[in-house]
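Fold and geometry: a report
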Amino acid sequence: MSRTKTAETIENVEFPSFDASKTTDQIRAFTEKGVEQSKEAYAKMKTGAEETQKALESTFETAKSVSSDLSLKTLSALRANAEAGFSHLEALIGAKSLSEVVELQTAFLRKRFEMTVEQAKDFQTVASKAAEDVSKPIKTAFEKAINEIKAA
C-alpha cells in the first residue's frame, strides 16, 4: 500500500517549468540598472572631484595673495620700526642734558608701545581677513556637498 501511495503522489506532483528567456530578461534588466547606477555615481563623483579641485585652486590662489599682503604689511612695520629707531638715535645724539635723554627715551618708549599696539591690530585685521578669504572656497564647497547629500 505504501508503494501505491508513493506512486500516486509522484504522479500528482508537478515541477515548475523553467523559462530561460524570462530569466535572461531579468538578468539583463538587473545588469542595465546596475550599469546606469554606476554611471550616475561616477558622474557625481567626477563633478565632486572637479568642484573640489576648483575650490583648492581658489584657496591656493587666495593664500598666495594673502601671504603677499602679510609680507608687505610685515615689511612696512619693519621699515617703520627701523625709521623710528634711527630717528630716536639721532635725537639722543643731539640731546644736551641727561634730563632731555630721559624725556626722549620716555617719549620713544611710549610711541613704540602705541606703534606696536597699532601694528598688532593691523596684523590681526589682515590675518582675520586672510583666514576668512582662504577658508571661503572650501567652506562653500563643503556646504554645497552637504546640501546635495541632504537633497538626495
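Thresholds, definitions, all that
- Residues numbered from 1 in each chain as written.
- Predicted model: local features only at pLDDT ≥ 70, side-chain atom pairs only at ≥ 80, totals over all residues.
- Heavy atoms only, no water.
- Helix = DSSP H or I, 4+ residues; strand = E, 2+ residues; numbered from the N terminus.
- Expected span 1.5 Å × (residues − 1).
- Bend = angle between axes of the 7 residues up to and from the residue.
- Buried < 20%, exposed > 50% of the residue type's maximum accessible area, 1.4 Å probe, protein only.
- Contact = heavy atoms within 4.5 Å.
- pLDDT = per-residue confidence, 0-100.
- Patch = residues over 30% accessible without salt bridge, like charges linked within 9 Å, V, L, I, M, F, W, Y side chains within 5 Å.
- Areas by Shrake-Rupley, 256 points an atom, 1.4 Å probe, with all protein chains shown as cover.
- Salt bridge = Lys/Arg side-chain N within 4 Å of Asp/Glu carboxyl O.

**Quick notes on helix α3 (residues 98-151)**
Look at α3: 77 Å from first C-alpha to last across 54 residues, which is about the 80 Å you get at 1.5 Å a residue. Where α3 bends most, the angle comes to about 40°, and this point is Lys-136, followed within four residues by the proline Pro-137. All of the buried residues in α3 are Phe-108, Arg-112, Gln-119, Val-126, Ala-130 and Pro-137.

**Describing the environment of Ile-138**
With respect to the helices and strands, Ile-138 occurs in helix α3. Assessed through its relative accessible area of 38%, Ile-138 is described here as partly exposed. Put simply, Ile-138 and Glu-57 are 81 residues apart on the chain and 10.0 Å apart in space, counted from C-alpha to C-alpha. If near-sequence neighbours (up to four positions away) are discounted, Ile-138 is found in contact with Ala-55, Leu-56 and Thr-59.

**A few points about the confidence of the model for the protein chain**
Here the protein chain averages 83 in pLDDT, and 86% of its residues register 70 or above. Confidence scores differ between elements of the protein chain, with helix α1 (residues 2-12) showing the lowest mean pLDDT of 57 and α3 the highest of 87.

**Topic: a nonpolar patch on the surface**
Taken together, the side chains of Leu-56, Phe-60 and Ile-138 make up a nonpolar region of the molecular surface, amounting to roughly 290 Å² of accessible area. On the secondary structure map, Phe-60 appears in helix α2 (residues 20-93).

**Considering the side chain of Thr-62**
Among the secondary structure elements, Thr-62 is positioned in helix α2. For Thr-62, a relative accessible area of 19% corresponds to the buried category. Here Thr-62 is in contact with Asp-133 and Val-134, once residues within four sequence places are set aside.

**Digging into the pattern of salt bridges**
Applying the stated rule across the entire model yields three salt bridges. Close ionic contact of Arg-28 with Asp-25 constitutes a salt bridge, the shortest N to O distance being 3.4 Å. Within this pair, Arg-28 and its partner Asp-25 are both found in helix α2, separated by three residues, close to a single helical turn. Its salt-bridge partner being Glu-51, residue Lys-144 comes within 2.8 Å of it at the nearest N-O pair. Separated by 93 residues along the polypeptide, Lys-144 in helix α3 and Glu-51 in helix α2 bring together distant segments of the chain. For Lys-144, a relative accessible area of 40% translates into the label partly exposed.

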